[in-house]
Amino acid sequence: MSAPSREEESEANRLLEEAASSWEEEVAYEAGEKILVADLEFDRVDDGSAPPPFSWKKLWLFTGPGFLMSIAFLDPGNLEGDLQAGAIAGYSLLWLLMWATFMGLLIQLLSARVGVATGRHLAELCRDEYPNWARLVLWFMAELALIGADIQEVIGSAIAIQILSRGFFPLWAGVLITASDCFFFLFLENYGVRKLEAAFAVLIAVMGLSFAWMFGDAQPNREELLMGILVPRLGSKTIRQAVGVVGCVIMPHNVFLHSALVQSRKVDPKKIGRVQEALNYYSIESSAALAVSFMINLFVTTVFAKGFYGTKQADSIGLVNAGQYLEEKYGGGVFPILYIWGIGLLAAGQSSTITGTYAGQFIMGGFLNLRLKKWLRALITRSFAIVPTIIVAIVFNRSEGSLDVLNEWLNVLQSMQIPFALIPLLTLVSKEQIMGTFRVGPVLERVAWTVAGLIIIINGYLLLDFFVSEVNGILLGLLACSCTTAYIAFIVYLVSQSGILPSAWVNRLPKGFSSCGN
């Protein structure tokens, strides 16, 4: 046998290096963790070019990621937005809640599309798509958004624990309990993804039943409720609540999360029919999940609309005192409404905290390509959020007003991060070299950019309104202007890499903005 040539040796070395690098690369789920969705009868004649016929059994097997994703639409921050919208605007913003949910569904379906069609999640793709400096900025922004969301979620759970323990556990103790119990759910994943998804299904069911019970106790006006959903109304006094309703829909970390969760099912990205099949099932499942989340948000909004719209307490209701106001308004009954609210809030806080930890693992692993054991990644991710949360719980536990101010700042923090999740998503999902035949068409691309632009503008209004009212002094004003300039410049850079702008416009940008090479 003749010795291999130098060219053959170099080619063999190259292949070995590629195999080693692919082995070391961080992945959302290892091959052994993924759920196999098989159709033995169809597989005998499957050439991969057409999706198999619809199957209820397969829909059941694909059900799970969408409901985990929908938790972000039900976290304590969303519930606070719901109760304030109901108390201050009554039933008038229900139509906006419905359309905001539709906008959120579109964004999440695009996130799932990226994950299924490429076999990689959004953070991994951003790592390859952008130069190192931009990748690190995106990672930093995603972590900031995650920490902000996690503080709200953990404090929401701590408030629920305080309610259910009748004040025995202070806020900081509830934070520690919430921080530790998420490891139980992550441990549950060792027994299979379906076990974890089943646990979340129970938490969503608890939320649904709790808030439906409250809805039944409140007995809201059906005609006003229906008019609120079908007839668009927006008054000058309810603009801030309207902005809050839309702003709560898109959680930056959730966009990254969904693209990773869909990879828990074994789908061959090289088989067009199998990818299309998975997208079809995930679309049905995500739509059903967000329909459930819409109903739960609807229950909360209408309960507070019926009880507090037009009252003196309307402007002072927040997450901390909502249970007390409910008890004063609706009384005890067979099962006191205060505890029903506490149970629902606890389920919302616990589930959203765990999905936040889950998202943190994918974000950190994807952007930084870290291969760490799950418990270690969970510990690092929890530490990023829990340490500042404990500090916040101690510092801001002096009054209800201080926690409300904190919540406003956290909402602003998350609103600022929205462009850094939406723009990369829409950039990637529109590129044929990344998505292949599954890149979005021109019509859907325009619709998606329009929705994203609307969400960014609405949140921009929230930011402007907040800073105008809160930023005082020359030094603080100069600092805010400098940060705003850098913030807008980075958004312009991301948009310039998206391909949505005319080439003539991109050519006019500074040289560093028009180059995306590593």
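Every residue gets a number counted from 1 within its own chain, in the order that chain's sequence is written. Owing to the predicted nature of the model, reporting of local features is limited to residues with pLDDT of at least 70; listing and counting of side-chain atom pairs is limited to 80 or more, with chain, interface and lining totals taken over all residues. Just so you know, side-chain values use all the structure's heavy atoms and leave hydrogens and water out.

Think of it this way: any DSSP run of H or I at least four residues long counts as a helix, any run of E at least two long counts as a strand, and we number them from the N terminus. Secondary structure summary: the protein contains 23 helices and two strands in total. Each residue is assigned to one of three classes by its accessible area relative to the maximum for its type, calculated with a 1.4 Å probe on protein chains only: buried under 20%, partly exposed between the two thresholds, exposed over 50%. Looking at the protein as a whole, 52% of its 518 residues qualify as buried. Every residue pair with non-hydrogen atoms within 4.5 Å of one another is taken to be in contact. For the protein, restricting intrachain contacts to residue pairs at least 6 apart in sequence, the fraction spanning at least 24 positions comes to 83%. With residues, only the protein chains shown are counted as cover, and all accessible areas are computed by Shrake-Rupley using a 1.4 Å probe. Summed over all atoms, the accessible surface of the protein reaches about 23700 Å², with 65% contributed by carbon and sulfur.

Moving on: the side chain of His253. On the secondary structure map, His253 appears in helix α13 (residues 252–261). Apart from the residues lying within four places of it in its own chain, the contact partners of His253 are Leu146, Ala149, Glu153, Gly356, Ala359 and Ile363.

Let's shift gears to the packing of helix α14 (residues 272–308) against helix α15 (residues 322–330). Between α14 and α15, whose axes approach to 11 Å, the crossing angle comes to 55°. Between α14 and α15, the angle is such that the two are oblique. Considering the relative orientation of α14 and α15, their crossing is left-handed. Listed contacts from α15 to Val303, Phe304, Lys306, Gly307 and Phe308 of α14 are Ala322, Tyr325, Leu326, Lys329 and Tyr330. For helices, the axis comes from a line fit to the C-alpha atoms of the stretch in contact; other axes are also lines fit to C-alpha atoms, and the angle between any two N-to-C directions lies between 0 and 180 degrees. Note on angle classes: values under 35 degrees are labelled roughly parallel, values over 145 roughly antiparallel, values of 65 to 115 roughly perpendicular, and the remainder oblique. Each helix crossing is assigned a hand: it is left-handed if the near helix lies turned anticlockwise from the far helix by less than a right angle, otherwise right-handed if that turn is clockwise.

What follows concerns a nonpolar patch on the surface. Residues with no salt bridge and a relative accessible area higher than 30% make up the patches, which join like charges within 9 Å and nonpolar side chains (Val, Leu, Ile, Met, Phe, Trp, Tyr) within 5 Å. One side-chain nitrogen of Lys or Arg within 4 Å of one carboxyl oxygen of Asp or Glu is enough to make a salt bridge. Among the surface-exposed residues, Trp172, Leu176, Val387, Ile391, Ile394 and Val395 lie close enough to one another that they form a single nonpolar patch of about 570 Å² accessible area. Sorting the residues of the nonpolar patch by element identifies α9 (171–188) and α17 (374–395) as the ones contributing at least two each. The greatest single-element share of the nonpolar patch, amounting to four residues, is contributed by α17. Position of Leu176 relative to the elements: it lies in helix α9. For Leu176, a relative accessible area of 42% puts it in the partly exposed group.

Moving on: the pattern of salt bridges. With the rule as written, the count across this model stands at seven salt bridges. Of the charged contacts in the structure, one is a salt bridge between Glu277 and Lys58, with a shortest N-O distance of 2.6 Å. Of this pair, Glu277 sits in helix α14 while Lys58 is found in helix α3 (residues 56–62), placing the two residues 219 residues apart along the sequence. Residue classification places Glu277 among the buried residues on the basis of a relative accessible area of 4%. Among the residues examined, Lys58 registers a relative accessible area of 3% and is labelled buried.

As used here, a disulfide is simply a covalent bond connecting the sulfur atoms of two cysteines. Cysteine sulfur atoms that pair up within 2.5 Å are treated as a disulfide. For the structure shown, the criterion picks out zero disulfides. For Cys483, which is in no disulfide, the shortest distance to another cysteine sulfur is to Cys481 and amounts to 9.5 Å.

Before going further, it helps to spend a moment on the packing of aromatic side chains. By convention, a stacked pair of Phe, Tyr or Trp rings (six-membered ring in the case of Trp) has centres within 6.5 Å and planes under 30 degrees apart, an edge-to-face pair has planes over 60 apart, and any other such pair is tilted. The tally for this structure, following the rule as stated, stands at 18 aromatic pairs. Chaining the aromatic ring pairs together yields one cluster made of Phe54, Trp56, Phe62, Tyr281 and Tyr282. Any Lys NZ or Arg CZ found within 6 Å of a ring centre and within 35 degrees of that ring's normal is scored as a charge over the ring. The ring of Trp60 is capped by Arg194, whose NZ or CZ atom sits 5.1 Å from the centre of that ring.

Below, the discussion takes up the side chain of Glu129. By the element assignment, Glu129 lies in helix α7 (residues 122–129). Exposure remark for Glu129: the relative accessible area of 17% places this residue in the buried category. A polar side-chain atom of Glu129 sits 2.4 Å from a polar atom in the side chain of Lys431. Contacts described as polar in this section are N or O atom pairs within 3.5 Å, which, within protein, must combine one atom able to donate a hydrogen with one able to accept it, while residues neighboring in sequence count only if both atoms come from side chains.

Bringing unusual backbone geometry into the picture now. Negative phi is the rule for most residues except glycine; trans is the rule for most peptide bonds. Positioned with a positive phi, Arg166 is a non-glycine residue whose angle comes to about 55°. Examined against the element boundaries, Arg166 turns out to sit in the loop between α8 (132–164) and α9. Backbone geometry at Gln219 places phi at a positive 50°, although glycine is not the residue there. Its location among the elements puts Gln219 in the loop between α10 (193–218) and α11 (222–230). Judged by relative accessible area, Gln219 falls into the exposed class, the value being 60%.

The next point concerns the confidence of the model for the protein. Interpretation of the predicted coordinates at a detailed level should be avoided for regions scoring low in pLDDT. Here the protein averages 80 in pLDDT, and 81% of its residues register 70 or above. Confidence scores per residue from the predictor, reported as pLDDT, run from 0 to 100. The least confident element of the protein is helix α1 (residues 6–24), whose mean pLDDT is 47; the most confident is α14, at 93. In this model residues 12–24 is a low-confidence stretch, pLDDT under 50, and it forms three contacts with partners more than four residues away in sequence or in other chains.

Let us now look at α8. A helix's residues, less one, multiplied by 1.5 Å, set its expected span. If you check α8, its first and last C-alpha atoms are 47 Å apart, about what 33 residues at 1.5 Å a residue would give, namely 48 Å. Of all 33 residues in α8, 24 are buried; the element is thus mostly enclosed. Positioned one or two residues after α8, Arg166 has a phi angle of 55°, which is positive.

By the element assignment, Leu368 lies in helix α16 (residues 337–368). Leu368 sits in the partly exposed class, given a relative accessible area of 27%. Sequence spacing of Leu368 and Trp139 is 229 residues, and the spatial spacing of their C-alpha atoms is 8.2 Å. Leu368 has contacts with Arg135, Leu136 and Trp139, leaving out every residue within four places of it along the chain.

We now examine the packing of helix α6 (residues 94–118) against α11. For the pair α6 and α11, the least separation of the axes is 5 Å and the interaxial angle reads 50°. Considering their axes alone, α6 and α11 lie oblique with respect to each other. Both α6 and α11 take part in a crossing whose hand is right-handed. Touching Leu94, Trp95 and Met98 of α6 are Leu225, Gly228 and Ile229, all from α11. In this classification, Asp, Glu, Lys and Arg are treated as charged, Ala, Val, Leu, Ile, Met, Phe, Trp, Tyr, Cys and Pro as nonpolar, and every other residue, Gly included, as polar. Its residues placed into classes, the contact of α6 with α11 shows five nonpolar, one polar and no charged.

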